[in-house]
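Residues per chain are reported as follows:
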Amino acid sequence: QVQLVESGGGLVQAGDSLRLSCAASGASGRTFNRYTMAWFRQAPGKEREFVAVITWTGGTYYADSVKGRFTISRDNAKNTVYLQMNSLNSEDTAVYYCAVDSAVRALPTYARIPTSLYDYWGQGTQVTVSS
């Protein structure tokens, strides 16, 4: 069993930056290193949507809406994945979740696969951007 804990959310103004963290526990370092990690977000009244993904080899893929503004990274020694968010705007307001996928998939498919295919989810962290 893997537990994921997100942190770093908050209330910011448009144009500001935030860095989210997702710490994984319950998995050995060797196991975490092999997981693909993803960030999703869910705004009020909307479905959960894909934001970014990073494979265990460091390959990344982003949703078009955040490309060029968000950067996903990971520190395998700390079992942690990050989401650096720059140039935030009101449309980025949502609860942000991290998720684990133990399968091996082509990067672009992560933007389309059902959320049910992910093995573990965190509880989320709220990001609110005021305009």
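Refer to the structure above for everything that follows.
Here goes a summary of the coordinates provided.

What counts, and where the lines are drawn
- Residues numbered from 1 in each chain as written.
- Predicted model: local features only at pLDDT ≥ 70, side-chain atom pairs only at ≥ 80, totals over all residues.
- Heavy atoms only, no water.
- Helix = DSSP H or I, 4+ residues; strand = E, 2+ residues; numbered from the N terminus.
- Contact = heavy atoms within 4.5 Å.
- Pairing = 2+ DSSP bridges.
- Axes fitted to C-alpha atoms, helices over the stretch in contact; angles between N-to-C directions.
- Buried < 20%, exposed > 50% of the residue type's maximum accessible area, 1.4 Å probe, protein only.
- Phe/Tyr/Trp six-rings, centres within 6.5 Å; stacked < 30°, edge-to-face > 60°.
- Lys NZ or Arg CZ within 6 Å of the ring centre and 35° of its normal.

With respect to the environment of N86
Here is step 1: Tracing the backbone shows N86 in the loop between β8 (80-85) and β9 (94-101).
Here is step 2: Between the C-alpha atom of N86 and that of S17, which follows or precedes it by 69 residues, the distance is 4.4 Å.
Here is step 3: Look past the residues within four positions of N86 in its chain and what remains in contact with it is D16, S17, R69 and F70.

Description of the sheet that holds strand β7 (residues 70-75)
Here is step 1: Spatial ordering of the open sheet is given by β1-β3-β8-β7, a layout of four strands whose pairing is antiparallel. Each edge of the sheet is formed by a strand with only one pairing partner; in this case those strands are β1 (3-7) and β7. Neighbouring strand axes in the sheet, compared pairwise and without regard to direction, differ in orientation by 15° on average.
Here is step 2: Two elements, β1 and strand β3 (residues 18-25), share five bridges in a ladder whose sense is antiparallel. Counted as the bridge partner of E6 is C22 from β3.

Some remarks on the pairing of strand β5 (residues 49-54)
Here is step 1: Across the six residues that make up β5, a large majority, five, are buried.
Here is step 2: Both strand β4 (residues 36-42) and β5 contribute to a ladder of five bridges, which runs antiparallel. Its bridge partner being in β5, A38 is matched across the sheet by V53.
Here is step 3: Here β5 pairs with strand β6 (residues 60-62) via three bridges, running antiparallel. The residue of β6 that forms the bridge with A52 is Y62.
Here is step 4: Remark: five residues form the turn of the hairpin made by β5 and β6, two consecutive strands paired antiparallel; G58 in that turn has positive phi of roughly 95°.

Some thoughts on the packing of aromatic side chains
Here is step 1: Summed over the entire model, instances satisfying the criterion amount to six aromatic pairs.
Here is step 2: Ring plane angle 85° and centroid distance 5.1 Å describe the contact between F40 and Y118, whose orientation is recorded as edge-to-face. Remark: Y118 occurs in the loop between β9 and β10 (120-121) and F40 occurs in strand β4; sequence separation between them is 78 residues.
Here is step 3: For Y118, a relative accessible area of 5% puts it in the buried group.
Here is step 4: Here the guanidinium or amino end of R34 rests over the ring plane of W56, the centre of that ring lying 4.0 Å away.

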